[in-house]
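Descriptive structure summary
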Amino acid sequence: MITGNDGTRKDHDPATGHPGRASRDHGANSAGSGAGGGSGADADSVELDFLTHSGEPVRFAARLHADLRTPGAAPLLARPVTLGEGWRVLQYRLPVGAQSDPAAYSALERQVSAGVAMERRYGSERYGEVFTRMVGFDLEASEPFVLYRVPDGEPIARRQGMLTVEEQGKVIAQLVLAVRLLEEVGLVHRAITPYTVRWDGTHVRLAEPGAALRADEPREAYGAAPWASPEQREGTGRADSRDDLWSVAQLVYFLLSGRPGPGSGPPADLGEFRRLAALHQGGAFAPRADQRPAAVELMRLLNVPDPLAHAPGGPDVLSRARAEFDVQRAKKRQETGRDDPPEEPAEDRTYYESPPRRTLRSWLTGTAPVPPSRAAEEAPRPAQPLRRPTLCPHCLLPVSFDQSRLVTLDSKKVAKPLDLSEERRPMHYQDALRQAYQACPHAPAGAPHYLPVPYLNSGEPLTIALVGSSAAGKTHLLAAMLGEIEQGGLEPYGLKCLPLNPDTHREFLQERVQRLHRGKVLESTGHASFAHFTDGLLVTGADGTRPVVFFDLAGEDLAQNGEVTSFLMGVGAFIFVLDPLRALRLPSLDPVRARTRLQQRDLGDEAFTTVLNRIPRLGSYIEAPAAVALNKSDLIRFDPSADRWLSRALPAELDEETLRAESRDAYAFVAHHGSPAWLKPFDDCARCTLHFVAATGAQERGDVYPHGVRPRRVLAPLLSIFAMCGLLPGAELREVGT
């Protein structure tokens, strides 16, 4: 990659040394399609756009060759590609016919993520040659693809029984080293077999990480005996780097003995092979991962030096920003009194009345005087918490249930009076209330507004407002959240959800959630003259039921101090939706900015500033809990800080340390690549978390998402809000956001 005098990046042809164009015009890129690549001419000429592992866009003149037979790569198709004047690479692409399966795209994305992680960590290291090296990728092409260098050597199975003693030692040492390197970046390869590992006479080379999983992810059944461990074949437990050690042990046994070993444990004749002594004694053939040694322990037994023992792990470019997070968090805790020691309970004291005077009778008889009896004092009952009066979320005045003001709303939102005074059937009465509205008594006659009855009689309401500029993805994020909830996404956390109003919820699902799940881009939220809430839920946990309502207004409305946003002063919690295209200075986002016509800016989000300046404060800080959602994080998903979180599903159990670690990473990422103005919600709110999320996980083309949508961690901000508002009780969540 060359940088020109004008500061723009230019492509570098490795064969000719000539710079080319750095464009990401997908309309000109046909290399991601199958046209002519598999059944036509042997070398179709195209211009091929892709990203390097560092996220830099490049373009090459390319010739596409005929598809190869690679049964193990299905559903991906493989073909050689010649870049520039003679650089031969191998392309794996996802054909259009296989894109209807979301798992196929996710598997390719996971493969790219593994390749990027290895290139970033070991790309400049000599020992990185034990891996098949990634060249680049494009997951937004019409047929998404990844490129690799063509590996040298031949499948090591062909060297069975032919390796010299010296070569045997090299093979064992390099395979265990490869597992050690994978372990360091948190990967499990899962496809180490005699037919996928190559040998060029000097080095082994593992195959592409097409089956790789993150360590500690739930195992997925993969592989065959004896190469895959019993747990891996069964898909039980969690992926472990020691799964790969089993594969290494079985591969080496096959090379030395000339036959596959048993798939359930150590071969019976291990003692006949001196070269296998360290693997055998170290426990590499044990059937369970927790019975096998770590790779570094096996390297010690083999007397193989660990290149990572004294090698720096690479500079942490976010270390200063992480320290800033720690300082700011400590400052807020001190100023809000969270660091004050808890009040010690008053010591139990027994107060005695003054002893009775001793009488002559007591002196003469030797009996002690008896104090006057005291009536047993009844223990005071603990005071019941007072429930705050329910406020209308629009006019912020108290309102209570009033059967005389009930109405129903038709499809055009026209109110019709509802009289239930004669209804004597309890179940019918409750069902009617579930669908009914009540007119707010404080609304002017010419502009009435209505509240769902369950909002008034189902516990203390929680109102949540999504805040952010237009095109930040607020509507898509809310639709993705409610889509996850509809599929039971809150149930692992002990929460059950029902619609606050069935008709409103059904309308939102049809117009927003289902449309998004069909791969359609949602229309922007229009200007409003009155802030109606978008949808609502009845959320039931261990401590009862609470109504939860969501407000989603246009960014232009939020950026103005108008009457329409006066409701913000009574909102219970906020989700600030941060747009990386506007916030981050990353050059890799420039092509997307050019296509979407969004510009990076250092002054922060106008909607953030306006809303934060308007919300009431307790001292220097806003008391309402807040979460910052770094939306569209799929655009930065291969950065190590983002990948750490986006590559994993939300944990089944939340804890403060994990939420704080994600907040710290997200804060540091924004602080390092953007300006402090984008972190104003964290600075201004007493309790605030930050999260990497992706409402769609894809880039749009026109009004569709060509490869569908894949929401990532969209419930994380909402769960943090619930924890801070008491909907997720537990001692382990008391300090979330502080």
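Residues numbered from 1 in each chain as written. Predicted model: local features only at pLDDT ≥ 70, side-chain atom pairs only at ≥ 80, totals over all residues. Heavy atoms only, no water.

**Description of the overall build of the protein chain**
Our working rule: Secondary structure follows DSSP: runs of H or I at least 4 residues long count as helices, runs of E at least 2 residues long count as strands, and numbering of each begins at the N terminus. Throughout, a residue-residue contact means that at least one pair of heavy atoms, one from each residue, lies within 4.5 Å. Here the accessible surface of atoms and residues is derived via Shrake-Rupley with a 1.4 Å probe, and residues count as covered only by protein chains that are part of the display.
Within the protein chain, the secondary structure is distributed over 20 helices and 27 strands. For the protein chain, long-range pairs separated by at least 24 residues make up 68% of all intrachain contacts whose partners lie at least 6 apart in sequence. In the form shown here, the protein chain has an accessible surface area of approximately 35200 Å², with 51% of it arising from carbon and sulfur atoms.

**Quick look at the confidence of the model for the protein chain**
Do not read the fine detail of predicted coordinates wherever pLDDT is low. As a reminder, the rule being used: Per-residue confidence from the prediction method is given by pLDDT, with values spanning 0 to 100.
Across the protein chain, the average pLDDT comes to 87, with 87% of residues at or above 70. In this model residues 1-30 is a low-confidence stretch, pLDDT under 50, and it forms 70 contacts with partners more than four residues away in sequence or in other chains. With pLDDT under 50 throughout, residues 381-385 is counted as low confidence; its partners more than four residues away or in other chains account for zero contacts.

**Describing the nonpolar core**
Worth spelling out the cut-off: Joining through side-chain atoms within 4.5 Å is the link that ties buried Ala, Val, Leu, Ile, Met, Phe, Trp, Tyr and Cys residues into a set, and such a set is a nonpolar core. Accessible area is worked out with a 1.4 Å probe on protein chains only. A residue is then buried under 20% of its type maximum, exposed over 50%, and partly exposed in between.
Phe574, Phe576, Ile636 and Phe692 are the most contacted members of the largest nonpolar core, which has 62 residues in total. In terms of residues, this core owes the most to one element, helix H18 (residues 656-673), which gives five residues. Beyond its immediate stretch of four places on either side in the chain, Phe574 contacts Ala465, Val467, Leu568, Val611, Ile615, Ala624, Pro625, Ala626, Ala627 and Ile721.

**Examining the sheet that holds strand E13 (residues 204-205)**
Heads up, the condition is: In short, DSSP must find at least two bridges between two strands for them to pair.
Pairing in this open sheet of three strands is antiparallel, and the strands run E10-E12-E13 from one edge to the other. Only two strands of the sheet have a single neighbouring strand rather than two, namely strand E10 (154-155) and E13. Pairing between E10 and strand E12 (residues 198-199): two bridges, direction antiparallel. Bridge pairing in E12 links Glu154 to Trp199.

**What about the packing of helix H7 (residues 319-335) against H18?**
Packed helices, taken two at a time, are described by the angle their axes make and the gap between the axes. Just so we agree on the cut-off: For every element, the axis is a line fit to its C-alpha atoms; helices are fit only across the contacting stretch, and the angle between N-to-C directions ranges from 0 to 180 degrees. These descriptions rest on fixed angle ranges, namely under 35 degrees for roughly parallel, over 145 for roughly antiparallel, 65 to 115 for roughly perpendicular, and the rest for oblique. In a left-handed crossing the near helix is turned counterclockwise from the far helix by less than a right angle, and in a right-handed crossing that turn is clockwise. We call Asp, Glu, Lys and Arg charged. Ala, Val, Leu, Ile, Met, Phe, Trp, Tyr, Cys and Pro are nonpolar, and the rest, Gly among them, are polar.
Their axes nearest at 8 Å, the elements H7 and H18 cross at an angle of 120 degrees. In terms of their interaxial angle, H7 and H18 are classed as oblique. The crossing of H7 and H18 is right-handed. Only Arg660, Ser663, Arg664, Asp665, Tyr667, Ala668, Ala671 and His672 of H18 make contact with H7, whose side of the interface consists of Ala321, Arg322, Glu324, Phe325, Asp326, Gln328 and Arg329. Class assignment of the residues belonging to the contact of H7 with H18 gives a composition of five nonpolar, three polar and seven charged.

**Let's talk about the environment of Arg424**
Condition: For this analysis, a polar contact is any N or O atom pair within 3.5 Å, provided that within protein one partner can donate a hydrogen and the other can accept it, and provided that sequence-adjacent residues contribute only side-chain to side-chain pairs.
In this structure, Arg424 sits in the loop between strand E16 (415-417) and helix H9 (426-435). Under the relative-accessibility criterion, Arg424 is labelled exposed at 62%. Engagement of the side chain of Arg424 in a polar contact is seen with the backbone oxygen of Ser421, the distance being 2.7 Å.

**Topic: the packing of aromatic side chains**
Put simply, the test is: Side-chain rings of Phe, Tyr and Trp, where Trp is taken by its six-membered ring, are said to pair if the distance between their centres is within 6.5 Å; with planes under 30 degrees apart they count as stacked, over 60 as edge-to-face, and otherwise as tilted. A ring is considered to have a charge above it if a Lys NZ or an Arg CZ atom is located within 6 Å of its centre and within 35 degrees of its normal.
As enumerated under the stated definition, the model contains 19 aromatic pairs in all. Between Tyr253 and Phe273 the ring centres are 6.0 Å apart and the planes differ by 85 degrees, which places this aromatic pair in the edge-to-face class. Here Phe273 lies in the loop between helix H4 (242-257) and helix H5 (277-282) and Tyr253 lies in helix H4, a separation of 20 residues in the sequence. With a relative accessible area of 16%, Phe273 lands in the buried category. Of the aromatic side chains, those joined through ring pairs into one cluster are Phe574, Phe576, Phe608 and Trp678. Here the guanidinium or amino end of Lys332 rests over the ring plane of Phe682, the centre of that ring lying 3.8 Å away.

**Quick look at helix H1 (residues 102-122)**
Let me state the cut-off plainly: One less than the residue count of a helix, multiplied by 1.5 Å, gives the span that helix is expected to have.
A rise of 1.5 Å per residue sets the reference length of H1, with its 21 residues, at 30 Å; its end C-alpha atoms lie 30 Å apart and thus fit the reference within 8%. Counting buried residues in H1 gives 15 out of 21 residues, a clear majority hidden from the surface. With a side-chain oxygen positioned 3.1 Å from the backbone nitrogen of Ala103, the residue opening H1 is Asp101.

**Focus: the packing of helix H2 (residues 165-184) against H4**
The contact between H2 and H4 brings their axes to 10 Å, and the two run at 165 degrees. Here H2 is positioned roughly antiparallel relative to H4, judged by the angle of their axes. Two packed elements cross with a definite hand, and for H2 against H4 that hand is right-handed. Two secondary-structure elements touch here, H2 through Gln168, Val171, Ile172, Leu175, Val176, Val179 and Leu182 and H4 through Asp244, Leu245, Val248, Leu251, Val252, Leu255 and Leu256. Its residues assigned to classes, the contact of H2 with H4 comprises 12 nonpolar, one polar and one charged.

**Observations concerning the environment of Ala607**
For Ala607, the location among the structural elements is in helix H16 (residues 606-614). Along the sequence, Ala607 and Leu558 sit 49 residues apart, while their C-alpha atoms lie 5.2 Å from each other. Excluding anything up to four places from it in sequence, Ala607 contacts Val467, Gly468, Ser469, Gly555, Leu558 and Ala559.

**Regarding the environment of Ala221**
Secondary-structure assignment places Ala221 in the loop between strand E14 (213-214) and helix H3 (230-234). Accessibility expressed as a relative area gives 53% for Ala221, which makes it exposed. For the pair Ala221 and Arg233, spaced 12 residues apart in sequence, the C-alpha separation works out to 4.9 Å. Ala221 has contacts with Gln232, Arg233, Glu234 and Gly235, leaving out every residue within four places of it along the chain.

**Thoughts on the pattern of salt bridges**
We count it as follows: The working definition used for a salt bridge is a side-chain nitrogen of Lys or Arg within 4 Å of a carboxyl oxygen of Asp or Glu.
In total, this model carries 43 salt bridges according to the counting rule given. Close ionic contact of Arg93 with Asp67 constitutes a salt bridge, the shortest N to O distance being 3.0 Å. Placement of Arg93 in strand E7 (residues 87-93) and of Asp67 in the loop between strand E5 (57-64) and strand E6 (77-83) is noted, with a sequence separation of 26 residues between them. Here Arg93 falls in the buried class, since its relative accessible area comes to 2%. You can call Asp67 partly exposed: its relative accessible area is 27%. One salt bridge connects Arg333 with Glu735, and the closest N-O pair in it is separated by 3.0 Å. Linking Arg333 in helix H7 with Glu735 in the segment after helix H20 (716-724), this pair joins segments that are 402 residues apart in sequence.

**A look at the pairing of E7**
Of all seven residues in E7, five are buried; the element is thus mostly enclosed. Judged from the seven bridges that link them, E6 and E7 form a sheet pairing that is antiparallel. Note that in E7 the partner of Leu83 across the bridge is Trp87. Bridge analysis of E7 against strand E9 (residues 145-149) gives five bridges, and the strand direction is antiparallel. Across the sheet, residue Tyr92 finds its bridge partner in E9, namely Val146.

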